Amino acid sequence: MEAWASGVFAALAALNSAASVGGNLLVLLLLLLDRELRAEASALSLSLALSDLGLGLSVLPLAAHSSLAGGPAGPGPPLCQAAGFLSVLLQTASLHSLAWLTLGRYSQLCLALGSGRLWAGRRTLGPLLLLWAFCLLTATLPLLGVGRYAYSRSTFLCGPGVEAAAAAGAGGRGFSLYVLLVGALLPLGAVCTLQACMAATARRQARRGTFACNQDHCFYVPASSYSRTAGLLLATSGQCTARPIGQPLDYYPPYWSASGL
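J.: Residues and numbers for the overall build of the protein chain, please.
T.: Secondary structure summary: the protein chain contains 10 helices and 4 strands in total. A buried classification covers 33% of the 261 residues belonging to the protein chain. Within the protein chain, contacts between residues separated by at least 24 positions form 67% of all contacts whose residues are at least 6 apart in sequence. Accessible surface computed for the protein chain: about 16,100 Å², of which carbon and sulfur atoms make up 69%.

J.: So what's going on with a nonpolar patch on the surface? Residues and values would help.
T.: On the surface, a nonpolar cluster with roughly 590 Å² of combined accessible area is contributed by Leu26, Leu29, Leu30, Leu32, Leu33 and Leu37. Considering every element that reaches the nonpolar patch, the biggest residue donor is helix H1 (residues 3-33), with 5 residues. When you line up the elements, Leu30 lands in helix H1. The class for Leu30 is partly exposed, based on a relative accessible area of 43%.

J.: So what about the environment of Ala69? Which residues, and what values?
T.: If you trace the backbone, Ala69 turns up in helix H3 (residues 43-70). Taking the relative accessible area as the measure of exposure, Ala69 reaches 57% and is therefore exposed. Along the primary structure Ala69 and Ser6 are separated by 63 residues, whereas in three dimensions their C-alpha atoms are 9.7 Å apart.

J.: Explain the nonpolar core to me, using residue names and the numbers behind them.
T.: Counting 11 residues, the largest nonpolar core consists of Phe85, Val88, Leu89, Ala93, Leu131, Cys135, Ala139, Leu141, Tyr149, Phe175 and Val179. Among the secondary structure elements, those contributing two or more residues to this core are helix H4 (77-110), helix H6 (125-140) and helix H8 (170-208). Per-element tally for this core: the top contributor is H4, with 4 residues. Here Phe85 is in contact with Leu136, Ala139, Thr140, Leu143 and Tyr149, once residues within four sequence places are set aside.

J.: Give me the packing of aromatic side chains: which residues, what numbers.
T.: Under the counting rule described, the total for this entry stands at 1 aromatic pair. Consider the rings of Tyr149 and Phe175, whose centres lie 6.2 Å apart with planes at 70 degrees: the pair is edge-to-face. Placement of the pair is Tyr149 in the loop between H6 and strand E1 (150-152) and Phe175 in helix H8, with a sequence separation of 26 residues.

J.: Please give an account of the packing of H4 against H6 that cites residues and values.
T.: At their nearest, the axes of H4 and H6 sit 9 Å apart, and the two run at 150 degrees to each other. One finds that H4 runs roughly antiparallel with respect to H6. Two packed elements cross with a definite hand, and for H4 against H6 that hand is right-handed. On H6, the residues that touch Phe85, Val88, Leu89, Leu90, Thr92, Ala93, His96, Ser97 and Trp100 of H4 are Pro127, Leu131, Trp132, Phe134, Cys135, Leu136, Thr138, Ala139 and Thr140. Each residue belonging to the contact of H4 with H6 can be placed in one class, and the counts come to 13 nonpolar, 5 polar and no charged.

J.: Give me the lowdown on the side chain of Ser94, citing residues and values where you can.
T.: Summarising the element assignment, Ser94 is placed in helix H4. Among the polar contacts listed, one links the side chain of Ser94 to the side chain of Asp52, at a separation of 2.6 Å. When neighbours within four sequence positions are excluded, Ser94 is seen to be in contact with Leu48, Ser51 and Asp52.

J.: Give me H1: which residues, what numbers.
T.: Its 31 residues give H1 an end-to-end C-alpha distance of 45 Å, which sits within 8% of 45 Å, the value for a rise of 1.5 Å per residue. Within H1 the residues assigned to the buried category are Ala5, Ser6, Ala10, Ala13, Ser17, Ser20, Val21, Asn24, Leu28 and Leu31.

J.: I'd like to hear about the side chain of Ser97, residue by residue, with values.
T.: Mapped onto the secondary structure, Ser97 falls in helix H4. With a relative accessible area of 0%, Ser97 lands in the buried category. Only 2.9 Å separates the side chain of Ser97 from the side chain of Ser47, close enough to count as a polar contact.

Conventions used here
Residues numbered from 1 in each chain as written. Predicted model: local features only at pLDDT ≥ 70, side-chain atom pairs only at ≥ 80, totals over all residues. Heavy atoms only, no water. Helix = DSSP H or I, 4+ residues; strand = E, 2+ residues; numbered from the N terminus. Buried < 20%, exposed > 50% of the residue type's maximum accessible area, 1.4 Å probe, protein only. Contact = heavy atoms within 4.5 Å. Areas by Shrake-Rupley, 256 points an atom, 1.4 Å probe, with all protein chains shown as cover. Patch = residues over 30% accessible without salt bridge, like charges linked within 9 Å, V, L, I, M, F, W, Y side chains within 5 Å. Salt bridge = Lys/Arg side-chain N within 4 Å of Asp/Glu carboxyl O. Core = buried A, V, L, I, M, F, W, Y, C linked by side-chain atoms within 4.5 Å. Phe/Tyr/Trp six-rings, centres within 6.5 Å; stacked < 30°, edge-to-face > 60°. Axes fitted to C-alpha atoms, helices over the stretch in contact; angles between N-to-C directions. Parallel < 35°, antiparallel > 145°, perpendicular 65-115°, else oblique. Left-handed = near helix turned anticlockwise from the far one by under 90°. Nonpolar A, V, L, I, M, F, W, Y, C, P; charged D, E, K, R; others polar. Polar contact = N/O pair within 3.5 Å; in protein donor to acceptor, adjacent residues only side chain to side chain. Expected span 1.5 Å × (residues − 1).

Here it is in structure tokens:
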């Protein structure tokens, strides 16, 4: 890769690292200072923030350094194995934490009465422990002889990519395919599917209308009333803004008498 391309990659990696560190530190600070927010957030939110923070502090700066200093040779073998381990561990934990968080949001929308019992308190610790055990096992497999971490000249990162698959043979290809499918495509597919289901549910609910409650009773509000209310507000706001300069506000009749309500 040419020098200018390496510089652009290093700048983008450094910018991504700064944004990841700054954003996730802000999330952790808010969770630390706001007791109500800390009570509502689950351990999966903390897992996602810590995973992305780890990526911003370790993997991305190493990629920027390799693109500028290491060049095509990349870091040495021990450092490459450690970088590959951290990259797979943190990226897989981040994506799977996001998938579990999206599942929690979906349950809050579609299972509103039971979602509090499903995702409250210590009930998220079980999925969280299984998630990190799975990610740790996946990242450790190349260190145990299953697959291999190798340096990629296109991304300046060590991981189970095309170069690793070519260097390790059939075992490396199988491990690279496993990480791609189970570590990336599966959680991303789950996130996209659940987000689409939530959007369809919200669209269906918006068409049906909703219920409004006061101290005495609840009553049904059809969706068509929202459009009538919006049109009425636009009409009355147009009257107020179109009045001549200096004309008193009581010149126009009240909006309910003009609309026949």
